[in-house]
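Descriptive analysis of the structure
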Amino acid sequence: MEIPEQQKEFMRRAIALSRQKMQENCGGPFGAVIVKDGKVIGEGWNQVTSSHDPTAHAEVVAIRNACKILNDFSLKDCEIYTSCEPCPMCLAAIYWARLERIYYANTRQDAAAIGFDDDFLYREVPLPINKRSKETRRVLSEEARAVFDEWHKKADKVQY
């Protein structure tokens, strides 16, 4: 299947960001761009170590930047180009942002080969809570449920 030249250019931009920001010691070798109507509206690169934020993956940063540009929490009708297959956190963020398509270059196996083992998370997520490696306990569920009930009845809520 022939890849359109414009898609190659968007991916080249994501790859260029991954290289440039890695060389500048911003974080790991990951870059992402978000495109709407054939134009880049958000860019991101891994900033985990430089911002001391474990959630500052390239895809999440790109989503945050694109949402600011559009002044919207939804990136419907947008697509993401990322230099590596998204980790589970980024994949979830992509779904929450309502992005239409994901294009990626390196695989999670490629990332594991250089020390980024996202595969562990892919294996952990589908496990029942009591089988995961992190102890997880339910606490004060009735008090928290009251807030959910209030949200459910709230007339002026913004659905997302």
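Our subject is the structure that appears above.
Residues numbered from 1 in each chain as written. Predicted model: local features only at pLDDT ≥ 70, side-chain atom pairs only at ≥ 80, totals over all residues. Heavy atoms only, no water.

1. Topic: the layout of surface pockets
The space that makes up the largest pocket amounts to roughly 170 Å³. Around the largest pocket, the lining is made up of 13 residues, and of these Phe30, Asn46, His57, Phe116 and Asp118 lie nearest the centre. By residue class, the composition of the lining of the largest pocket is eight nonpolar, two polar and three charged. (1 Å grid on protein atoms, 1.4 Å probe; cavity = no way out; pocket = protein on both sides within 12 Å on 5 of 7 lines; lining within 4 Å. Points joined across faces, edges and corners; volume = space filled by probe spheres on them. Nonpolar A, V, L, I, M, F, W, Y, C, P; charged D, E, K, R; others polar.)

2. Looking at the pairing of strand β2 (residues 39–45)
Sheet analysis places strand β1 (residues 31–36) next to β2, joined by six bridges and oriented antiparallel. Paired with Ile34 across the bridge in β2 is Gly42. (Pairing = 2+ DSSP bridges. Helix = DSSP H or I, 4+ residues; strand = E, 2+ residues; numbered from the N terminus.)

3. Notes on unusual backbone geometry
The phi dihedral of Asp37 is positive, around 55 degrees, even though this residue is not glycine. Look at Arg98: it is not a glycine, yet its phi comes out positive at around 70 degrees. Locating Arg98 in the fold gives a position in the loop between α4 (88–96) and β4 (101–106). Among the residues examined, Arg98 registers a relative accessible area of 37% and is labelled partly exposed. (Buried < 20%, exposed > 50% of the residue type's maximum accessible area, 1.4 Å probe, protein only.)

4. Quick look at the nonpolar core
Soluble globular proteins tend to pack their nonpolar side chains together in the buried interior. Counting 17 residues, the largest nonpolar core has Ile34, Ile63, Leu75, Cys78, Ile80 and Leu99 as the members making the most contacts within it. Those elements that place two or more of their residues in this core are β1, α3 (58–70) and β3 (78–84). Residue contributions to this core peak at five residues, all from α3. When sequence neighbours within four positions are dropped, the list of residues in contact with Ile34 reads Lys39, Val40, Ile41, Gly42, Ala62, Ile63, Ala66, Leu75, Cys78, Glu79, Ile80 and Leu99. Among the nonpolar cores identified, the runner-up in size contains nine residues, and Phe10, Leu17, Val35 and Tyr81 belong to it. (Core = buried A, V, L, I, M, F, W, Y, C linked by side-chain atoms within 4.5 Å. Contact = heavy atoms within 4.5 Å.)

5. Quick look at the pairing of β1
For a regular strand, side chains alternate in direction, first toward one face of the sheet and then toward the other. The buried count for β1 comes to five of six residues, which makes it a mostly enclosed element. Turn length for the β1-β2 hairpin, with the two strands adjacent in sequence and antiparallel, is two residues, and the turn residue Asp37 shows positive phi of about 55 degrees.

6. Some points on the sheet that holds β4
The strand order across the open sheet built from four strands is β2-β1-β3-β4, with neighbouring strands paired in mixed fashion. Both outer strands of the open sheet, β2 and β4, are each paired with one neighbouring strand and no more. Each adjacent strand pair in this sheet contributes to an overall mean axis angle of 15 degrees, direction not counted. (Axes fitted to C-alpha atoms, helices over the stretch in contact; angles between N-to-C directions.)

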